[in-house]
Amino acid sequence: MNLHEYQAKELLKKYNVPVQEGIPCSTPGEAEQAYKQIHTQYGSNFAVVKAQIHAGGRGKGKIKGTEQRGVAVGKTAEDVKQIAQNILGGTLVTIQTGESGKLVNKVLVAQDVYYEGPNPVKEFYLSILLDRSRGQNVIMYSTEGGMNIEDVAHDTPEKIFKEWVFPGGSLEPFQARKIAFNLGLSGVAFKNCVKFVTNLYNAYLGCDCGMLEINPLFKTSDDKIIAVDCKMNIDDNALVRHQDIASLRDITEEDPTEVEAGHYNLNFVKLDGNVGCMVNGAGLAMATMDMIKLSGGEPANFLDVGGTANAETVEAGFRIILKDPKVKAILINIFGGIVRCDRVAQGVIDAYQSIGNINIPIIVRLQGTNADVAKKLIDESGLKVQSAILLSEAAALVNKAVA
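Report on the accompanying structure. Given the structure is predicted, the values throughout are model-derived calculations rather than measurements. Numbers given for residues are sequential positions, taken from 1 along each chain in its written order. Only residues with pLDDT of 70 or above have their local features reported here, since the model is predicted, and side-chain atom pairs are shown and tallied only from 80 upward, although totals for entire chains, interfaces and linings are computed over all residues. Water and hydrogen atoms play no part in the side-chain values, which are based on all heavy atoms of the structure.

Quick word on helix H2 (residues 28–42)
An α-helical turn contains 3.6 residues, so a residue and the one three or four places further along point in the same direction.
Then, in step 1: Strands here are runs of E lasting at least two residues and helices are runs of H or I lasting at least four, both read from the DSSP assignment and numbered beginning at the N terminus. Working rule for helices: expected span equals 1.5 Å times residues minus one. Given a rise of 1.5 Å per residue, 15 residues ought to cover 21 Å, and the 21 Å separating the end C-alpha atoms of H2 matches this to within 8%.
Then, in step 2: Every buried residue of H2 is listed here: Ala31, Glu32, Ala34, Tyr35 and Ile38. Seen along its axis, H2 keeps its buried residues to an arc of 160°; they face one direction. Among the exposed residues of H2, those oriented more than 90 degrees off its buried face are Thr40 and Gln41.
Then, in step 3: We call two residues in contact whenever any of their non-hydrogen atoms come within 4.5 Å of each other. Along its buried surface, H2 packs onto strand E1 (22–25), strand E2 (47–51), strand E4 (71–74), helix H3 (77–87) and strand E7 (107–110).
Then, in step 4: Within two residues after H2, Gly43 carries a phi angle of roughly 65°, on the positive side. The rule is simple: take the accessible area with a 1.4 Å probe, protein chains only, and divide by the maximum for that residue type; under 20% is buried, over 50% is exposed, in between is partly exposed. The directions from the helix axis to the C-beta atoms are what the arc is built from.

Things to note about the pairing of strand E19 (residues 385–388)
Then, in step 1: Paired strands are those between which DSSP finds at least two bridges. The sheet contact formed by strand E18 (residues 362–368) and E19 spans four bridges and is parallel. In the strand pairing of E19, Arg365 is matched with Ala388.
Then, in step 2: With respect to chirality, the unit in which E18 leads through helix H12 (residues 371–379) into the neighbouring parallel E19 is right-handed. The path from the first strand over the helix to the second decides the hand: if it runs clockwise while the strands point away from the viewer, the crossover is right-handed.

Considerations on helix H10 (residues 311–322)
Then, in step 1: Between its first and last C-alpha atoms H10 spans 16 Å; for 12 residues at 1.5 Å apiece the expected length is 16 Å, and the two agree.
Then, in step 2: Within H10 the residues assigned to the buried category are Thr313, Val314, Ala316, Gly317, Phe318, Ile320 and Ile321.

Notes on the pattern of salt bridges
Then, in step 1: The term salt bridge refers to a pairing of a side-chain nitrogen on Lys or Arg with a carboxyl oxygen on Asp or Glu at a separation within 4 Å. Considering all chains together, one arrives at 20 salt bridges under this definition.
Then, in step 2: Glu163 serves as the salt-bridge partner of Lys178, at 3.1 Å between the closest nitrogen and oxygen. Of this pair, Lys178 sits in helix H5 (residues 173–182) while Glu163 sits in strand E10 (residues 160–165), and the two are 15 residues apart along the sequence.
Then, in step 3: For Glu163, a relative accessible area of 6% gives the class buried.
Then, in step 4: When the shortest N-O distance is used, the salt bridge between Glu298 and Lys293 registers 2.9 Å.
Then, in step 5: On the basis of relative accessibility, which here comes to 39%, the residue Glu298 falls in the partly exposed class.
Then, in step 6: Look at the salt bridges and you will find they share partners, linking Glu5, Lys9, Lys50, Arg58 and Asp229 into a network.

Quick look at the nonpolar core
Then, in step 1: Throughout, nonpolar core names a set of buried Ala, Val, Leu, Ile, Met, Phe, Trp, Tyr and Cys residues whose side chains join them through atoms within 4.5 Å. Counting residues in each nonpolar core, the largest one holds 40 residues, and the members touching the most others are Leu12, Leu126, Ile139, Phe196, Leu200 and Met232.
Then, in step 2: Residue assignment for this core shows that the elements contributing at least two residues are helix H1 (5–13), strand E8 (122–131), strand E9 (136–142), H5, helix H6 (187–206), strand E11 (209–219), strand E12 (225–227) and strand E13 (231–234).
Then, in step 3: Ranked by residue count, the leading element in this core is H6, at nine residues.
Then, in step 4: Residues within four places of Leu12 in sequence aside, it is in contact with Val17, Val19, Leu200, Ala203, Leu212, Ile214, Ala227, Cys230 and Met232.
Then, in step 5: Ala316, Cys341, Val344 and Ile378 belong to the second-largest nonpolar core, a separate cluster that totals 32 residues.

Focus: the packing of aromatic side chains
Then, in step 1: A pair of Phe, Tyr and Trp rings is counted when the ring centres sit within 6.5 Å of each other, with Trp represented by its six-membered ring. The angle between the planes then sorts it: under 30 degrees is stacked, over 60 is edge-to-face, the rest tilted. Inspection of every chain in the model, using the stated rule, returns two aromatic pairs.
Then, in step 2: For the pair Tyr201 and Tyr204, a centre-to-centre distance of 6.0 Å together with 25° between the ring planes defines the contact as stacked. Of this pair, Tyr201 and Tyr204 are both found in helix H6, three residues apart, which corresponds to roughly one turn of the helix.
Then, in step 3: Owing to a relative accessible area of 4%, Tyr204 belongs among the buried residues under this scheme.
Then, in step 4: Here, a charge over a ring is recorded when the distance from Lys NZ or Arg CZ to the ring centre is within 6 Å and its angle to the ring normal is within 35 degrees. Over the ring of Trp164 we find Arg134, and its NZ or CZ is 3.6 Å from the ring centre.

Given below as structure tokens:
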């Protein structure tokens with residue numbers, strides 16, 4: 001589950017991670033009042049208005065049809081109000097959203113952190129995620145923070161440092177010091193960085209993050225180390241023990257079909273192909289998607305109905321797949337282990353009759369417990385459903401359907 005920047009920063013503060021303070025706003029009027037509050041409380045010379053969407057590249061992105069950037073600076077309350085008015089309700093297109101973009105429902109009005117002081121300001125990059133090749137969490141960091149970190153990783157990979165943390169343990173003090181040293185810090189900034197990285201790693205573990213990215217990690221002119229931006233992803237499987245975090249979910253940022261599938265406990269991911277597939281088991285689903293490609297088609301989705309498929313879940317799966325206008329055929333591939341094939345077949349028949357006229361080919365491959373009974377049910381149903389027992393038979397039918 002992804003979080004907005006303002007939500008992630010509130011979680012970081014619970015772990016004593018210093019952040020750039022800000023106020024989330026839903027209207028231009030709220031943004032104007034937020035600027036006045038920030039100016040009074042922090043003495044900021046300006047405020048940064050940031051579009052809140054689940055995508056990176058906001059600073060370079062533009063509101064569709066305008067020249068308005070997703071991140072902009074306002075020097076007065078009127079400036080901030082106007083920028084918020086330009087962004088709110090608009091569709092922000094960034095390198096990560098694609099041409100469709102994302103609708104902006106909130107902006108974050110944040111404090112000025114570039115105030116003058118005795119030392120120069122610096123921007124760094126730091127993220128924490130799981131390195132699956134090693135089975136360890138890894139902290140990646142660089143002296144080259146900011147909007148072009150992808151270019152740094154591509155053009156000068158030697159400027160990207162990595163620090164791995166032993167599984168089940170915490171970040172060791174010497175590792176935190178090593179990170180601060182490699183970032184070129186010294187004195188008060190060095191000490192503050194050690195505290196920052198240690199607390200940030202504790203937040204990563206405590207919130208069950210899948211990924212935690214700070215870009216930029218900022219050194220102020222008075223040697224404070226703060227998170228100016230934050231991208232946080234929470235492991236969905238851990239939300240059961242984080243009800244407070246689960247309540248932060250913003251379904252307006254998610255694909256509507258994936259949200260609907262979640263209501264039926266279906267594991268669904270939308271893809272760009274022309275063959276909808278409904279399978280029980282993630283491994284079988286992956287194999288089915290491979291088979292679709294080898295047959296000349298392209299998977300339109302990943303849909304795992306689980307081991308307890310019934311008429312309700314099958315019908316829900318049908319309805320979700322049929323919402324995609326690109327789908328030319330549907331392949332149902334069920335291995336009857338926990339669930340009996342005849343029950344799935346009856347679910348297909350019931351769903352077909354409930355939905356009504358379906359104008360695309362439906363191919364059902366049932367193998368396992370009571371597969372022969374299931375095939376007979378489908379063949380005698382009178383519906384336009386093609387049955388197969390062998391995977392090769394299903395592949396041939398898919399090939400014919402998309403040819």
